Amino acid sequence: MTAATMRAWRVQQPGPISTRPLCQVWEERPRPAADELLVRVLACGVCRTDLHVAEGDLPMHRPAVVPGHEVIGQVVEAPDDVFQEDQRVGIAWLRRTCGQCRYCTRGSENLCPQSQYTGWDADGGYAEFATVPAAYAYPLPDGYPDAELAPLLCAGIIGWRALVRANLPPGGRLALYGFGASAHLTAQIALAQGATVHVLTRSPQARELALALGAASAGGAADPPPEPVDSAILFAPAGELVPAALAALDRGGTLAVAGIHLTDIPTLHYQQHLFQERQIRSVTANTRQDGHHFLRFAADHHLHVVTTCYPLDQADAALTDLAADRVHGAAVLIP
Ligand SMILES: [Zn+2]
Ligand SMILES: [Zn+2]
């Protein structure tokens, strides 16, 4: 192969992961637009959202898209001098916004109706090269290897925003439902802020990791935590856990739903689940400000990032393992 080609994975036909919706292709390297960087991919995290794109839980935006939005890359071409050649940069989910609508102008660019997303509207990082609008690329903290930085770009940033949306009071009690890539980082942020963290997950290995990271308790997926909590975050894409999470809230508590996709929520009982000013809130992507705040936090507080690495050639195996909850920590593809 000549130097101008690359390997990439494309979602040829969205469907259950067992039907192998992704195909690996050899193709030309992407050409960056005038305001974009071209990067050589060093690592790309595998996020549950990639699975939703591959399986068709999310509607198709770009046919045969290259998934992947936790990209650590080395700059090959840069349009201006904000980023230098060879510099390590991050490419995350939020790819472009209009900058002019009522949401963008009030600091809620995550709600922009014109927003575009990496690995959904535009090709992402399951490839050897990728592009990103320079204004949406992140400079990265030192002190982390490439594979450990990758999950910070979505799992970390979304966890950060979910924690903000969950209204955790100082020194508060937090319950995390599900303990994968995002939750294991969110737990460390909350612990660093002085919270007491309870983890509820069906995976015994994840419960062990939670306790090792400093969680006060770790129980089964729908178990009640040992005390009422001020805040809860639902990371598992399982609507059936919403009643249990709301029932675990103390008066005035908040449940944030972190995922982009959730199965149906069962009927709620007003007294049991919502009265006493308990509330449920969604989390929709993130702003660039969330990303910069979180990456600054990760620079100041070294996070223990648990990764399982796969060669790029095994992207479909990584997604299959994620679908089966077999991934310890965060799956990361290495070209
Ligand atoms: Zn906008
Ligand atoms: Zn993601």
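Preceding block: the structure.
This one's a predicted model, so the numbers in the text were calculated from it and none came from an experiment.

Definitions and cut-offs
Residues numbered from 1 in each chain as written. Chains lettered and ligands numbered in written order. Predicted model: local features only at pLDDT ≥ 70, side-chain atom pairs only at ≥ 80, totals over all residues. Heavy atoms only, no water. Pairing = 2+ DSSP bridges. Helix = DSSP H or I, 4+ residues; strand = E, 2+ residues; numbered from the N terminus. Buried < 20%, exposed > 50% of the residue type's maximum accessible area, 1.4 Å probe, protein only. Contact = heavy atoms within 4.5 Å. Donors = N, O, S within 2.8 Å, 3.2 Å for Na, K, Ca; no water. Tetrahedral: all angles 85-135°; square planar, octahedral: opposite > 155°, others 65-115°. Phe/Tyr/Trp six-rings, centres within 6.5 Å; stacked < 30°, edge-to-face > 60°.

Draft legend 1. Up close: the pairing of strand β5 (residues 88-91). Taken together, the four bridges between strand β4 (residues 71-77) and β5 define a ladder with antiparallel strand orientation. Note that in β5 the partner of glutamine 74 across the bridge is arginine 88. Pairing between β5 and strand β9 (residues 137-139): three bridges, direction antiparallel. When the bridges of β9 are listed, glycine 90 appears paired with tyrosine 138.

Draft legend 2. Here's a closer look at helix α10 (residues 315-323). Every buried residue of α10 is accounted for by Ala315, Asp316, Ala318, Leu319, Asp321 and Leu322. Against β1 (5-11), β2 (22-28), β3 (36-46), α1 (48-55), β16 (307-311) and β17 (330-334) lie the buried residues of α10. After α10 finishes, the residue aspartate 325 shows a positive phi value of roughly 60 degrees.

Draft legend 3. Molecular detail of the coordination of the zinc ion (ligand 1). Every protein donor of the zinc ion (ligand 1) is accounted for by Cys98 (SG), Cys101 (SG), Cys104 (SG) and Cys112 (SG), and the metal-donor separations fall at 2.3 to 2.4 Å. Given four donor atoms and angles of 105 to 117 degrees at the metal, the environment of the zinc ion (ligand 1) is assigned as tetrahedral. Counting gaps between the donor residues of the zinc ion (ligand 1) yields the pattern C-x2-C-x2-C-x7-C. For cysteine 101, a relative accessible area of 17% puts it in the buried group.

Draft legend 4. Structural context of the packing of aromatic side chains. Scanning the model with the defined rule gives six aromatic pairs in all. Relative to tryptophan 120, the ring of tryptophan 93 lies with its centre 5.7 Å away and its plane at 10 degrees, an arrangement referred to as stacked. Of this pair, tryptophan 93 sits in the loop between β5 and β6 (94-96) while tryptophan 120 sits in the loop between β7 (116-117) and β8 (129-133); the two residues are 27 residues apart in sequence, bridging distant segments of the chain. On the basis of relative accessibility, which here comes to 6%, the residue tryptophan 93 falls in the buried class. Judged by relative accessible area, which is 9%, tryptophan 120 ranks as buried. Through a chain of ring-to-ring contacts, three or more aromatic side chains come together here, namely Trp93, Tyr117 and Trp120.

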